[in-house]
Amino acid sequence: MRRQVVIIGSGPSGLLLGQLLHRIGIDALILERSSKEHVLSRVRAGVLEEGTVGLVRATGLAGRLDAQGLRHDGIEFAFDGQRHRIDLHELSGGKRVVVYGQTELTADLMAGREAVGAETVYEAADVMPHGFDTDTPYVTYVHGGVTHRVDCDFIAGCDGYHGISRRAVPAGAISTFERSYPFGWLGLLAEVPPVSHELIYASHPRGFALCSMRSPTRSRYYVQCDGDEKVENWSDQRFWDELRRRLPADAADAVTTGPSFEKSIAGLRSFVAEPMRFGRLFLCGDAAHIVPPTGAKGLNLAASDVHYLFEALREFYGERSAAGLDAYSPRALARVWKAVRFSWWMTLLLHRFPDASPFAEKLRATELDYVTTSRHAAAALAENYVGLPY
Ligand code: RFL
Ligand code: PHB
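Residues numbered from 1 in each chain as written. Chains lettered and ligands numbered in written order. Predicted model: local features only at pLDDT ≥ 70, side-chain atom pairs only at ≥ 80, totals over all residues. Heavy atoms only, no water.

Chemist: Please provide a residue-by-residue account of the sheet that holds strand β4 (residues 70–72), values included.
Modeler: Strand order in the open sheet formed by three strands is β3-β7-β4, and the pairing between neighbours is antiparallel. One side of each edge strand has no neighbouring strand; the edge strands of this open sheet are β3 (47–48) and β4. Judged from the three bridges that link them, β4 and strand β7 (residues 97–99) form a sheet pairing that is antiparallel. The partner of His 72 across the bridge, within β7, is Val 97. (Pairing = 2+ DSSP bridges. Helix = DSSP H or I, 4+ residues; strand = E, 2+ residues; numbered from the N terminus.)

Chemist: Describe helix α7 (residues 236–245), listing the residues and the values that go with them.
Modeler: Within α7 the residues assigned to the buried category are Phe 239, Trp 240, Glu 242 and Leu 243. Angularly, the buried residues of α7 cover 165° about the axis, an arc narrow enough to put them on a single face. On its buried face, α7 sits against β13 (175–190), β15 (209–215) and β16 (218–226). (Buried < 20%, exposed > 50% of the residue type's maximum accessible area, 1.4 Å probe, protein only. Arc of directions from axis to C-beta. Contact = heavy atoms within 4.5 Å.)

Chemist: Tell me about the pairing of strand β10 (residues 138–143), and name the residues and values.
Modeler: Pairing between strand β9 (residues 125–130) and β10: four bridges, direction antiparallel. Looking at β10, one finds that Met 128 is bridged to Thr 140. Both β10 and strand β11 (residues 146–151) contribute to a ladder of six bridges, which runs antiparallel. Bridge pairing in β11 links Tyr 141 to His 148. Linking β10 to β11, which pair antiparallel, is a turn of two residues; within it Gly 144 sits at a positive phi near 60°.

Chemist: How would you explain the packing of aromatic side chains if you had to name every residue and give the values?
Modeler: Within the structure shown, the criterion is met by 18 aromatic pairs. Ring geometry for Tyr 161 versus Phe 271: centroids 5.2 Å apart, planes at 85°, classification edge-to-face. Of the two residues, Tyr 161 sits in the loop between β12 (154–157) and β13 while Phe 271 sits in strand β17 (residues 260–274), which places them 110 residues apart along the sequence. Judged on exposure class, the residue Tyr 161 and its partner Phe 271 are both buried. Both rings, one in Tyr 221 and one in Trp 240, keep their centres 5.5 Å apart while their planes meet at 75°; by these two values the pair is edge-to-face. You can see Tyr 221 sitting in strand β16 and its partner Trp 240 sitting in helix α7, a full 19 residues away along the chain. (Phe/Tyr/Trp six-rings, centres within 6.5 Å; stacked < 30°, edge-to-face > 60°.)

Chemist: Report on the site of ligand 1, specifying residues and quantitative values.
Modeler: Around ligand 1, a shell composed of 32 residues is seen, among which Ser 13, Glu 32, Gln 102, Asp 286 and Leu 299 lie nearest. The separation between a nitrogen atom of ligand 1 and a polar main-chain atom of Arg 33 is 3.1 Å. Ala 296 is positioned with one of its backbone polar atoms (N or O) 3.2 Å from an oxygen atom of ligand 1. Protein burial of ligand 1: of its 1,000 Å² of free accessible surface, 89% is covered by the chains. Put simply, the parts of the chain that give the shell around ligand 1 at least two residues each are α1 (12–23) and α9 (298–319). For the shell around ligand 1, the element with the highest residue contribution is α9, accounting for three residues. (Near = heavy atom within 4 Å. Polar contact = N/O pair within 3.5 Å; in protein donor to acceptor, adjacent residues only side chain to side chain. Areas by Shrake-Rupley, 256 points an atom, 1.4 Å probe, with all protein chains shown as cover.)

Chemist: Would you mind going over unusual backbone geometry in detail, with residue names and values included?
Modeler: A cis amide bond links Glu 274 to the next residue, Pro 275, at an omega of -10°. Here Pro 275 lies in the loop between β17 and β18 (277–278). Residues other than glycine seldom take positive phi values, yet Ala 296 does so here, at roughly 55°. Note that Ala 296 resides in the loop between β20 (289–290) and α9. On the basis of relative accessibility, which here comes to 16%, the residue Ala 296 falls in the buried class.

Read these as geometric descriptors, not functional statements.
If you want it as structure tokens, here you go:
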């Protein structure tokens, strides 16, 4: 079998890239390790930058996103019993974010792919990229007990942090930079109206809490928990009690509780692999970098990587120029590191660190005060939160 591009992974980065390539007549096969149902069951991101929304529109599949996505002009920070609004729209010169679940976006992109008959192999086992340091790369995989080989021009490694693409690169060719944080986020999804029409990022002596949403009737909440915490230890009642304790009284009183239909714990880490290109293998999204979710940047970085890679492939096939491909890694990494910095900063600002010195706590309180009282500091936050330009 021969394809122009093989995409490993059917998360948002693989699906976005596949659809954009399809629209300009470039033939791409997606190989996904899991089943379609499993991919669609993962509850993850919720905040989309305008650039991400623009990319989804370019796939022609933004109908539901445009109709149901919630446009947000601001966020709130809550601490010391008070709520402070940050006017993202005004401070960023007219930009905003859109709240729309990653699960819904994935479903839209998968449906669009199926509608045009573009092929995805689900439950592809032992996927392995080969020969990417030559002009004749290929990918092997096992499906239904049969080993297949696909020859191609390029391989896009869109297979997330635990994928094979990054691990297929010889250790000496890659540098990694990492920081883990000594806590996790326990997330809960429930069919109840959100506590407020905007997101609330709350910093409290008991730990961080986040009030987010998926729709006017569906809420997504998170509380900071210990890194080794088990989800079985958290009844819904315990979660709601803990969430309310960490919010200012007026917000706590406005929380509508109800049975959860999803609860999970995610660890927090920052990770970057450099470079993001190895010959004819290109890493995209979580395969190359991870950010803690505090800045709502993971999915948006996957989208900006896709933007750079798509433009480079378009240029290659359209004009036979490799300039975009050569620039891919430095371009993508420049934006990645800015989002890594912002996500790290938001994480430090809002979480309780178990080993924080009294001095560090004083500085953290001062920074919260500064960012909610200085227009310049708030504008820097807003510029990053709505998304830096591509
Ligand atoms: P994904 O989504 O991990 O998809 C990778 C796909 O590759 C498949 N795969 C393989 N396929 C074939 N062979 C192999 N060997 C394979 N190994 C893996 C996997 O099954 C999977 O289908 O990566 P992608 O596409 O790069 O997308 C990245 C985003 O999913 C991620 O960055 C975001 O979810 C992060 N994130 C957030 N990002 C935001 O922009 N805004 C947010 O508000 C936000 N909130 C979050 C988040 C992530 C969270 N968790 C769970 C870590 C909130 C949370 C709690
Ligand atoms: C979410 O809605 O899942 C969400 C929102 C904002 C974040 C992280 C996650 O910073």
